[in-house]
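Residue-level structure breakdown
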Number of protein chains: 2
Amino acid sequence: MRKIRIGILGYGNLGKGVEVGISQNKDMELVGVFTRRNPDTINTLKEDTKVYHIDKAGKMTDIIDVMVLCGGSRSDIMTQGPEFAAMFNTVDGFDTHAKIPEYFEAVNKAALNAKKTCIVSSGWDPGLFSINRLYGEVFLPEGKGYTFWGKGVSQGHSDAIRRVEGIQDARQYTIPIEEALNRVRSGEMPELTARQKHLRECFVVAKEGADLKKIEDEIKNMPDYFRDYDTIVHFISQEELDRDHGRLPHGGIVIHSGKTGLHHENTHVVEYSIKLDSNPDFTANVLLAYARAAYRLNREGSYGAKTVFDVAPAYLSAKSGEELRRTLL
Amino acid sequence: MRKIRIGILGYGNLGKGVEVGISQNKDMELVGVFTRRNPDTINTLKEDTKVYHIDKAGKMTDIIDVMVLCGGSRSDIMTQGPEFAAMFNTVDGFDTHAKIPEYFEAVNKAALNAKKTCIVSSGWDPGLFSINRLYGEVFLPEGKGYTFWGKGVSQGHSDAIRRVEGIQDARQYTIPIEEALNRVRSGEMPELTARQKHLRECFVVAKEGADLKKIEDEIKNMPDYFRDYDTIVHFISQEELDRDHGRLPHGGIVIHSGKTGLHHENTHVVEYSIKLDSNPDFTANVLLAYARAAYRLNREGSYGAKTVFDVAPAYLSAKSGEELRRTLL
């Protein structure tokens, strides 16, 4: 059988994860990386990876089955999504929650028009965590769901800190609070504030001569990002940051508990958790499984934008239905 | 919108769970319970539940959208599945793993012929655990998956003990071994024997004058069920069994760990776990969500036998795609 031919749009951490992840999937091959930068300046992780300028993509629609969009949600995917949906089956990890409905509609229109299949907002959250929130709700309708993130590096929060005056570099860890986790796991179904669920720990490199007290206050009082949380700020050197905080671990937990029985006498707790050494690597692997699904759905004539909610598990696997039933059911 | 009209075939613990579970789902209503026993002898949990003899079912195909098969896999479902697939959309929790392919084919043939949609082997294992085994494998192809069961009552093992001569009643708990769990959670990917993964604890009521030593030996050496495990046998009175072991708690854990990165330098661990006060209640709720999916798939003209692998998450929910994207993605 012919392999699924994958293109990578954008070559940051996620694009690198997809590049390496493809070799874990025997039914896929990489056509190349597409970038806005000068292709000659890109050093790929694998020697034989081809790099093209993004302007070349439009002429390669015949030899790419699925394009994996690896840019940022804010700057890149919002516009690239609909644009590439008019040319390719696509998969992306668009994660600006508030804009998902609008983005979905734009991609859907372009994809339907071009008879392409585009899976948006895949990855682990949105993505696998969303599926588990849905499963929780449908299997335990009289219950309550919780999502915890971490312990891990939040890139959005790290970026927010770096915009504070006097800061040279920074890394922010989101940490679920054990007491809250234990209450949720007990089936108690507590109401929890943002502050009760997560702690925020920041490692900050200040510029020379900066006012540390002022920086710390500014971080802790930043609306949306930090004001509603207990936040710890550590000042460290650039060397320490590079040495001790150079990786991108992450993780999280979705818990749903609920009651059954004529008198609600039975409590059930369902928990889904992930612990990742590398957030972009795992996200890349999830996108690749959904790339397989996009390819297969497209061949079946199922066009338009989809989310992880619309994809049956079997489409993610290279195994046949018969083999899945025999080996995994 | 008209509610989904559910029939229940078989009124044991699972059937009772479905009866009560329907009232947690606003888009469903119960038509009635079907039984081989004399309907007049059945006391239902809810006063207004109607009870019919199984022979009446064939005349009620017009007023039942989905029949939930709640009999035992061995004795009932193997034959009832194909028989009812010729008349109704169905959902079942058929769990005799070795016979699933054969059962699937028989149901598929009957369902395709009658333009019905039948979801077989749903529940939590097979079912939700199967989905998580598949997810583990596709997201971390260079990895290893593990399934642990318990702590909880295994009805199959309890039944096996009760067949031993000199035993009046018994209850068997399957218990995952903490050390094995911790090794798997560390990402080590160990090879584990049956004995290393689970402990079996039995509470046995012996008949008067029975040879306890002989009973204990017979249990511990029972092939398939106990010989490959460390097994603890406690002899207790019927009163103690009824008082302390009358419920049907269960649970389990699916863990998949794997490596990514150019040099396999990153480890990831994904864990799905459930903790249930009542195994039949939770199983019933899962079957009901898949009943909703069977109904909707049938209306879309998607006929034949399906498993949980073939059902996209959205079909399990009463919410629209738009609402799911807005609230859960």
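One structure accompanies this document, and this report is about it. (Residues numbered from 1 in each chain as written. Chains lettered and ligands numbered in written order. Predicted model: local features only at pLDDT ≥ 70, side-chain atom pairs only at ≥ 80, totals over all residues. Heavy atoms only, no water.)

The topology assignment puts G12 of chain A in the loop between β1 (4-9) and α1 (13-22). A C-alpha to C-alpha distance of 7.3 Å links G12 of chain A and C70 of chain A, two positions 58 residues apart in sequence. (Helix = DSSP H or I, 4+ residues; strand = E, 2+ residues; numbered from the N terminus.)

A few words on the relation of the copies chain A and chain B. Least-squares fitting of chain A to chain B yields an RMSD of 0.0 Å, with the transformation described by 0.0 Å of translation along the axis and a rotation of 180 degrees. The symmetry that links the two subunits is that of a two-fold axis. Considering only C-alpha atoms, the residue of chain A closest to the rotation axis is A312 of chain A, which sits at 1.8 Å. Here 100% of the interface residues in chain A have copies in chain B that are interface residues too; the copies meet face to matching face. (Least-squares fit on C-alpha atoms with pLDDT ≥ 70 in both. Contact = heavy atoms within 4.5 Å.)

Bringing the sheet that holds strand β9 (residues 167-176) of chain B into the picture now. Residue and element names in this part refer to chain B. The four strands are arranged β8-β9-β10-β11 in an open sheet whose pairing can be described as mixed. Where the open sheet ends on each side, the last strands, each with one partner, are β8 (152-153) and β11 (230-235). Relative to strand β10 (residues 198-206), β9 runs antiparallel, the two sharing nine bridges. Note that in β10 the partner of A170 across the bridge is V204. Most of the contacts of helix α8 (residues 212-220) go to β11, to which it runs at about 150 degrees, and overall it touches β9, β10 and β11. (Pairing = 2+ DSSP bridges. Axes fitted to C-alpha atoms, helices over the stretch in contact; angles between N-to-C directions.)

With that settled, consider the side chain of Q80 of chain A. Residue and element names in this part refer to chain A. For Q80, the position within the fold is in helix α2 (residues 73-85). Classification of Q80 as buried rests on a relative accessible area of 7%. With sequence-adjacent residues up to four places away left out, Q80 is seen in contact with L9, R36, I54 and L69. (Buried < 20%, exposed > 50% of the residue type's maximum accessible area, 1.4 Å probe, protein only.)

A few words on the interface of chain A and chain B. Across the boundary between the two partners, chain A contributes 68 residues, which contact 68 residues of chain B. Of the roughly 6,000 Å² buried at the junction of chain A and chain B (both faces included), carbon and sulfur atoms supply 62%. Among the residues chain A hides against chain B, the three largest losses belong to F139, R325 and L329 of chain A. Together they make up 14% of the total. Along the contact surface separating chain A from chain B lie two salt bridges. (Buried area = accessible area lost by both parts, 1.4 Å probe. Salt bridge = Lys/Arg side-chain N within 4 Å of Asp/Glu carboxyl O.)

Turning our eyes to something else, we now look at unusual backbone geometry. The omega torsion of the bond from D125 of chain B to P126 of chain B falls at 5 degrees, within 30 degrees of zero and hence cis. Along the chain, P126 of chain B turns up in the loop between β6 (117-119) and α4 (128-139). Unusually for a residue other than glycine, S121 of chain A sits at a positive phi of about 55 degrees. Take S121 of chain A: it is sitting in the loop between β6 (117-119) and α4 (128-139). Of the residues examined, S121 of chain A reaches a relative accessible area of 0% and is grouped as buried. Phi at M189 of chain A is positive, roughly 55 degrees, even though this residue is not glycine. Tracing the backbone shows M189 of chain A in the loop between α6 (178-185) and α7 (194-197).

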